[in-house]
Amino acid sequence: MANDEHVAMLARGAAVWNEWRAKSHDTPDLSRAGLRGLDLSGFDLSRADLRGADLRGTNLNGANLSGAHLDGANFFKAVLDGADLAGAFLNGAQFLNCAQLIVTRNWQSAFRDDALACGAVIPDRKPAE
């Protein structure tokens, strides 16, 4: 379950969140969080636990999602233009398609299901349990 303090911190905006991320060594726990329709553009969500998060209609333009665990997250109508997906974990992501994926940065290095190959080789590494 998501850490309520981490979810509340998102509401304070990208500048406050990103400053906290720069100073903190905590891994944000936003697993199963209801983030539907939020504007998270420009947020540093690198290495965040977003497994099973509701990201329907969420604006993730330019967000740093590198190394984030997005397994099982719902991306229905999410906007990902320019988001960094380097090394992100997308296995079992719901309603994510190639049109959404190819407008991101570093998507080829994301760990994903065969349905999201989108013409690129899928990395072999499996997420650590």
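Residues numbered from 1 in each chain as written. Predicted model: local features only at pLDDT ≥ 70, side-chain atom pairs only at ≥ 80, totals over all residues. Heavy atoms only, no water.

A short note on the overall build of the protein
Move 1: When its secondary structure is counted, the protein shows three helices and zero strands.
Move 2: Traced from its N-terminal end to its C-terminal end, the protein shows the element sequence α-α-α.
Move 3: In terms of overall dimensions, the protein is globule-like: its C-alpha atoms have a radius of gyration of 13 Å, near the 14 Å expected for 129 residues.
Move 4: Along the first, second and third principal axes, the C-alpha set of the protein runs to 40 × 30 × 25 Å.
Move 5: Classification of the 129 residues of the protein by burial places 43% in the buried group.
Move 6: Considering only residue pairs separated by 6 or more positions, the protein has 15% of its internal contacts joining residues 24 or more positions apart.
Move 7: Surface accessibility of the protein: about 6600 Å² in total, with carbon and sulfur atoms responsible for 50%.
Move 8: Charge separation in the protein, taken as the distance between the mean sites of 13 positive and 16 negative side-chain charges, equals 2 Å. (Helix = DSSP H or I, 4+ residues; strand = E, 2+ residues; numbered from the N terminus. Rg over C-alpha atoms; globule rule 2.2 N^0.38 Å. Buried < 20%, exposed > 50% of the residue type's maximum accessible area, 1.4 Å probe, protein only. Contact = heavy atoms within 4.5 Å. Areas by Shrake-Rupley, 256 points an atom, 1.4 Å probe, with all protein chains shown as cover. Lys, Arg positive; Asp, Glu negative; His and termini not counted. Charge placed at Lys NZ, Arg CZ, Asp CG, Glu CD.)

Comments concerning the side chain of Asp 84
Move 1: By the secondary structure assignment, Asp 84 is in the loop between helix 2 (14-23) and helix 3 (98-101).
Move 2: One buried charged residue, Asp 84, forms no salt bridge at all, with the nearest opposite charge on Arg 105 at 4.1 Å.
Move 3: Asp 84 has contacts with Ala 63, Asn 64, Leu 65, Ser 66, Arg 105 and Asn 106, leaving out every residue within four places of it along the chain. (Salt bridge = Lys/Arg side-chain N within 4 Å of Asp/Glu carboxyl O.)

With respect to the pattern of salt bridges
A side chain with one charge may pair with a side chain of the opposite charge, provided their charged atoms come close.
Move 1: Summed over the entire model, instances satisfying the criterion amount to four salt bridges.
Move 2: Asp 44 is the salt-bridge partner of Arg 21, the closest N and O atoms lying 3.9 Å from each other. Note that Arg 21 is positioned in helix 2 and Asp 44 in the loop between helix 2 and helix 3, a separation of 23 residues in sequence.
Move 3: Owing to a relative accessible area of 7%, Arg 21 belongs among the buried residues under this scheme.

A look at the confidence of the model for the protein
Move 1: Confidence in the prediction for the protein averages 94 pLDDT; 96% of positions are at 70 or higher.
Move 2: For the protein, per-element mean pLDDT is lowest for helix 3, which scores 94, and highest for helix 2, which scores 97. (pLDDT = per-residue confidence, 0-100.)

Structural notes on the state of the cysteines
Note on terminology: disulfide describes a covalent bond linking the sulfur atoms of two cysteines.
Move 1: Tallied over the full model, the rule gives one disulfide.
Move 2: Across the disulfide, Cys 98 is cross-linked to Cys 118 (sulfur-sulfur distance 2.0 Å). In this structure, the disulfide formed by Cys 98 and Cys 118 twists by about -90° around the S-S bond and is classed as left-handed. Taken together, the positions of Cys 98 in helix 3 and Cys 118 in the segment after helix 3 put the pair 20 residues apart, joining distant regions of the chain.
Move 3: Of the residues examined, Cys 98 reaches a relative accessible area of 28% and is grouped as partly exposed. (Disulfide = S-S within 2.5 Å.)

A few points about the environment of Ala 2
Move 1: Within the element layout of this structure, Ala 2 appears in the segment before helix 1 (4-10).
Move 2: Once residues lying within four places of it in the same chain are set aside, the contact partners of Ala 2 are Val 7, Asp 29, Leu 30, Ser 31 and Ala 33.

Things to note about the packing of aromatic side chains
Move 1: Inspection of the entire model under this criterion finds four aromatic pairs.
Move 2: Both rings, one in Trp 17 and one in Phe 43, keep their centres 6.3 Å apart while their planes meet at 45°; by these two values the pair is tilted. Of this pair, Trp 17 sits in helix 2 while Phe 43 sits in the loop between helix 2 and helix 3, placing them 26 residues apart in sequence.
Move 3: Between Phe 76 and Phe 95 the ring centres are 5.4 Å apart and the planes differ by 75°, which places this aromatic pair in the edge-to-face class. With a gap of 19 residues between them, Phe 76 in the loop between helix 2 and helix 3 and Phe 95 in the loop between helix 2 and helix 3 connect regions that are remote in the sequence.
Move 4: By relative accessible area, Phe 76 is classed as partly exposed at 39%.
Move 5: An aromatic cluster is present here, built from Trp 17, Trp 20 and Phe 43 joined pairwise through their rings. (Phe/Tyr/Trp six-rings, centres within 6.5 Å; stacked < 30°, edge-to-face > 60°.)

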